[in-house]
Structures are given as C-alpha cells and as structure tokens.
Amino acid sequence: MTRRRPSRSASSDELLTTLHDLTSRARREVELHQARVELAEALQREMLPSALPSLPGLRSAARYAPARSGLDIGGDWYDGFALPDGALAFAVGDAQGHDVEAAAFMGQIRIAMRAFALTAEDPGEVVSRTNDLLLAADAGLLATCTFARLDPATGELRSARAGHVAAVWASADGRAGTTDDRGGLPLGVQSGEEYPVTTRSLSGEGAFVLLTDGVVEGPSYSLDEGLDEVVRLVRSRVTEDADALADAIMGAAEHTGHQDDAAVLVLRHGCPGDGGG
C-alpha cells in the first residue's frame, strides 16, 4: 500500500509519446510502400509500348489500368510490334505477384518474347523458349500469357497460350464467342513445356480481343460471367473503332469489383474505308 499510483499527467504524457511513435512508424511504412508502388507503376508504364502497329484494314488499341488493393500493383502487360518479315506480333500477359518484383518480371518476359520472335516464326516456340529462359534464370515467379503472330497479307493469326484466359472475338454479322484453343502450363512451371499453336483467320469485319483476368474476374463476377459480359459488349460494339472498343471493355472491367490489374488489347480487322496510315 506504500506504492504510489502515477499521476494523471505522467500517464497522459506516456500515452501521447507512444501514440506519436506508432504514428510516425506507420507513416514511414506507408510512405515506403507508396514509393514502391509508384516505382512499380513507373517501371510498368515505361515497359509498355508507346504505340501499337496498325496497317490498312487493321487497327489496334490497348489499355492498362493498375488496380490498387492495399497499395499493391500487379504485373499485367501488353505488347505489339512489327517483325522484319512484315508480320505483326501481339502479346498479353499477367505476371505473378505485386509491386516492383512483378513489374520487373513482366519486363523480362516482354523482352524475351521480342527477342525470340525475331528468329522463331512459330508462336509456340516463342512461348516455349521464353518459358525455358525464365526457368534457367530461376526467377521463382509464374506468369500467364498469350502470344500471337499475324500475317497481314493473308489475315492469318497464329497464337499460343500459356495458362492464360481465353480471347474474345466477334464479327460484324453478329457472331461472337471466346477462343477454345488448347494451351500449355503457365510460364515458369516446367521446362521443356510445349505450347500448341492455333490458327484462325481475321477475315471480314470484326474484332479480336486479348485480355487479362482482371478484366473479367472479381468479387462481383466469376471468370465465365465476366467473359460472357465482354462477349456481349464486343458483339454489340464490334463496328466501333479500336480505341472506343478498348475503352468500353476497360469500363466494363470496373463492374467486376476486381482488385487486380487489367489489360486489354483490341485488334479491329476489316475496317471499311480504312486506307491505313
């Protein structure tokens, strides 16, 4: 009974000091996390192409939207470039993880695919070589992707898929759906994996859409429901230009309640009266 209770002022001072320390620590952690997110966004923005190839009768457009969840950012990407033989290459993918590591991993995949596409005409070989390279580098991450090669002279599109979500297509005559081509395992799972190639013709007027699962899957939609919604949207707006269609699809992604990145790449083919340029 001889011990004295601390005064009210002393207890208040200790509490204020503790709260100040905790607040300062939390602020530093948030600022550090925010800096990492901004760096990841900058890396991803700089790694995405500044322009996509277009030809007479073909227009392409893409959109990317980072979706924040706990200040995280994923590793979605798209790409499009011309090849020395006149063909065009397009790719969409989703790297595992968040933050700087995912953005850097995405960059490695994109660069590897560009390099292999210069010497390999077969899309399956491009994807397979990329997979083996990533495993040899022991990146420790996984990624899904679709890589496609378009012959502008014939309209033939050849593609290979590594564990990625199906593409969406529609034609001006009202037909639409999703691709059902076979694919291989995601990148980074197993060396020596083979990736079947599917060939389709982009004849007539229509649209072919590559996307990531952040566009079609989230708390409000299952993957199948999201794909069905995009199919309906593309069918109803297939005659619009590539940019408008890409914007509409990205807008639809907001309804999924997704917490992942979202990327869309639209190929509008058979555009009437399009002289290129």
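Before reading further, recall that the structure is shown in the block above.
We now turn to the structure provided with this report. For clarity, every value in this text was computed on a predicted model and none was experimentally measured.

Before going further, it helps to spend a moment on the nonpolar core. Core analysis: the biggest nonpolar cluster contains 42 residues, and Ile 109, Met 113, Val 127, Phe 147, Leu 187 and Leu 265 have the highest contact counts within it. Of the residues forming this core, the biggest block, 7 residues, is contributed by helix H2 (residues 99-117). Here Ile 109 is in contact with Trp 77, Thr 130, Leu 134, Ala 143 and Leu 187, once residues within four sequence places are set aside. In terms of nonpolar packing, the next biggest core, distinct from the first, is built from 26 residues, Ala 61, Leu 233, Val 238 and Leu 245 among them.

Attention now goes to the pattern of salt bridges. For the structure shown, the criterion picks out 13 salt bridges. In this structure, the salt-bridge partner of Asp 247 is Arg 63, at a minimum N-O distance of 2.6 Å. Taken together, the residues span a long stretch of sequence, with Asp 247 in helix H6 (residues 242-253) and Arg 63 in strand S1 (residues 58-65) at a distance of 184 residues. The exposure class of Asp 247 is partly exposed, given its relative accessible area of 42%. For Arg 110, the salt bridge is made with Asp 79, and the minimal N-O distance between the two is 3.1 Å. One end of the pair, Arg 110, is in helix H2; the other, Asp 79, is in strand S2 (residues 75-82), and 31 residues separate them in sequence. Judged by its relative accessible area of 2%, Asp 79 is buried. Salt bridges sharing common partners tie together Arg 63, Asp 243 and Asp 247.

Moving on to a nonpolar patch on the surface. Judged by side-chain polarity, Leu 142, Leu 185 and Val 189 come together as a nonpolar surface patch covering roughly 200 Å² of accessible area. Within the secondary structure, Val 189 is located in the loop between strand S7 (176-178) and strand S8 (197-201). The exposure class assigned to Val 189 is partly exposed, which follows from its relative accessible area of 42%.

What counts, and at which threshold
- Residues numbered from 1 in each chain as written.
- Predicted model: local features only at pLDDT ≥ 70, side-chain atom pairs only at ≥ 80, totals over all residues.
- Heavy atoms only, no water.
- Core = buried A, V, L, I, M, F, W, Y, C linked by side-chain atoms within 4.5 Å.
- Buried < 20%, exposed > 50% of the residue type's maximum accessible area, 1.4 Å probe, protein only.
- Helix = DSSP H or I, 4+ residues; strand = E, 2+ residues; numbered from the N terminus.
- Contact = heavy atoms within 4.5 Å.
- Salt bridge = Lys/Arg side-chain N within 4 Å of Asp/Glu carboxyl O.
- Patch = residues over 30% accessible without salt bridge, like charges linked within 9 Å, V, L, I, M, F, W, Y side chains within 5 Å.
- Areas by Shrake-Rupley, 256 points an atom, 1.4 Å probe, with all protein chains shown as cover.

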